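# Structural characterization, general
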Amino acid sequence: MKKIAFKTLGCRLNQYETDALASRFHKGSYQLVNYNEPADIYIVNTCTVTNQSDQKSRQTIHQAVKANPDGLMLVTGCMATNHKQSLLETPGIDYVVDNDHKTSIFSLIESHFRGEHPDPEGFDEDLFSYDPAFKTFHTRSLIKIQDGCDNFCTFCIIPSVRGRAVSRPVNAILDNIREVIDHGFKEVVLTGVNIGRYDFDGVNFEQLVAKILELPGDFRLRISSIEPDGFTPHFFELFQHEKLAPHLHLCLQSGSEAILLKMRRMYTAREFRHLAEQLWDRYPDFNLTTDIIVGFPGETEKDFQDTVQMAKDLRFSHIHTFKYSVRNGTRAERMDGHLTEKIKNQRSAVIRKISDENKQLYFNQMMGKAQRMLIERISADGIARGYGENYIPLRVKSKALVRNTFINVKPESIYQGKEMELWAKLS
């Protein structure tokens, strides 16, 4: 039995694709091992959204090659699409597989060990023919519903490495979800590049979510990162359903109207603010998290202060803060007014501080309020950890708790470890 190790960088879509590939290899009688263990095959699923992502991907590849020079090294993902030629010329890398051919990795590896010399581009291009991800690295099951993006934001390279938007057939999604629920998963997360723009045979994102919520079974549905322009007017009504988690990671990027226009975002700051206010009018405890880019070309101090004010006003409980990173071939690369790293670092620190303060406020707001916690892991000292429906990280200490089950709890105090969590008690 050959040993295979996976390493995933970047987004949840990459995580889903790694889980699906791992499940296929497990089904094919390969032994899955940790990435820091000796293995016959190493697969790195890379990210290229920023320069830092490229650096992390290269570092991960280099470390594996150095530690296990005899292992077969395959690199895939967005960096494999963006920097294919340079990776092919990197010592120690045996195969480079772009996103369009990622579903063929199992067949490619099988061909290799039969003594053949397969060309990754000789396999069919296919974005959705992944096996159901039963053997995953997570308690929740990620479900890919679409790929690619047609927005072409001026800072973003994703349309170049993921292609134009394409949606997975509705029945394939529903069948996939039925399979993972029957396999025992309790939480399903919809993922893709721009999931709010899902559209297959006249079924839009709202209609797809409504169909999923009608499926039988004791499971929870969560929506991963989504653009604010992807909502239909009545979408928020769906959050009344007990299966749909009251949390959205809604990508803001900037609170400045001028910068949003330069970014070519498909909404205004005013529209975003109205969207958030609508959510809280309906659901006062709704958890809203976001992405913000600081230091975009031409971002003035006033532009930044508009973002600061919006981050405070909208009370995002977590802000994933990015320093603007030049991506070759994007419009933003050619813009005037690129800022220094010093300014980017200063502004990034300000937003991170606001994020920490907002999280503290939101956690205090949720004290004593019932949460349905999904137990994801239990430590040797009997402490169970997982998330409530509002995507609050929870800790509970009690006897006879079981992983991958729901329990009803109430948060009662803040635990300040490496990450802020809430201690809760059974209710």
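Structure shown above.
Residues numbered from 1 in each chain as written. Predicted model: local features only at pLDDT ≥ 70, side-chain atom pairs only at ≥ 80, totals over all residues. Heavy atoms only, no water.

## Thoughts on the pairing of strand β14 (residues 287-294)
The condition is simple: Accessibility here uses a 1.4 Å probe with only protein chains present; expressed as a share of the type maximum, an area under 20% marks a residue as buried, one over 50% as exposed, and anything in between as partly exposed. Where helices and strands are cited, they refer to DSSP runs of H or I of at least four residues and of E of at least two residues respectively, numbered from the N terminus. The pairing criterion for strands is at least two bridges between them, as found by DSSP. Clockwise travel from the first strand over the helix to the second, with the strands pointing away from the viewer, marks a crossover as right-handed.
β14 sits mainly inside the fold: 8 of its 8 residues count as buried. Residues of β14 alternate between two faces, with N287, T289, D291 and I293 on one and L288, T290, I292 and V294 on the opposite face, all of them buried. In terms of strand pairing, strand β13 (residues 247-249) meets β14 through 3 bridges, oriented parallel. Each bridged residue has a counterpart across the sheet, and for L248 the counterpart in β14 is L288. Relative to strand β15 (residues 319-323), β14 runs parallel, the two being bridged by 5 bridges. In the strand pairing of β15, T290 is matched with I319. At this point the chain moves from β14, through helix α11 (residues 301-313), to the parallel β15, and the crossover so formed is right-handed.

## Side note on helix α1 (residues 12-27)
The line we're drawing: An expected span of 1.5 Å times one less than the residue number is assigned to each helix.
Its 16 residues place the ends of α1 22 Å apart at the C-alpha level, agreeing with the 22 Å of an ideal helix rising 1.5 Å per residue. By the burial criterion, the buried members of α1 are L13, N14, Y16, E17, T18, D19, A20, L21, A22, S23 and F25. S29 lies just past α1 and shows a positive phi near 70°.

## Digging into the sheet that holds strand β20 (residues 420-426)
To summarise the sheet geometry, strands pair through backbone hydrogen bonds and adopt either a parallel or an antiparallel arrangement. Stated formally: Axis definition: a line fitted to C-alpha atoms, over the contacting stretch in the case of helices. Angles run 0 to 180 degrees between N-to-C directions. The contact criterion used throughout is that any non-hydrogen atoms of two residues lie within 4.5 Å.
An order of β16-β17-β18-β20-β19 is seen for the 5 strands of this closed barrel, with the pairing classed as mixed. Neighbour to neighbour, the strand axes of the sheet diverge by 50° on average, direction disregarded. Here strand β19 (residues 406-416) runs beside β20; their pairing, made up of 7 bridges, is antiparallel. The partner of S413 across the bridge, within β20, is W423. Contacting β18 (393-397), β19 and β20, helix α12 (residues 341-365) crosses the sheet at an angle of about 10° to β20.

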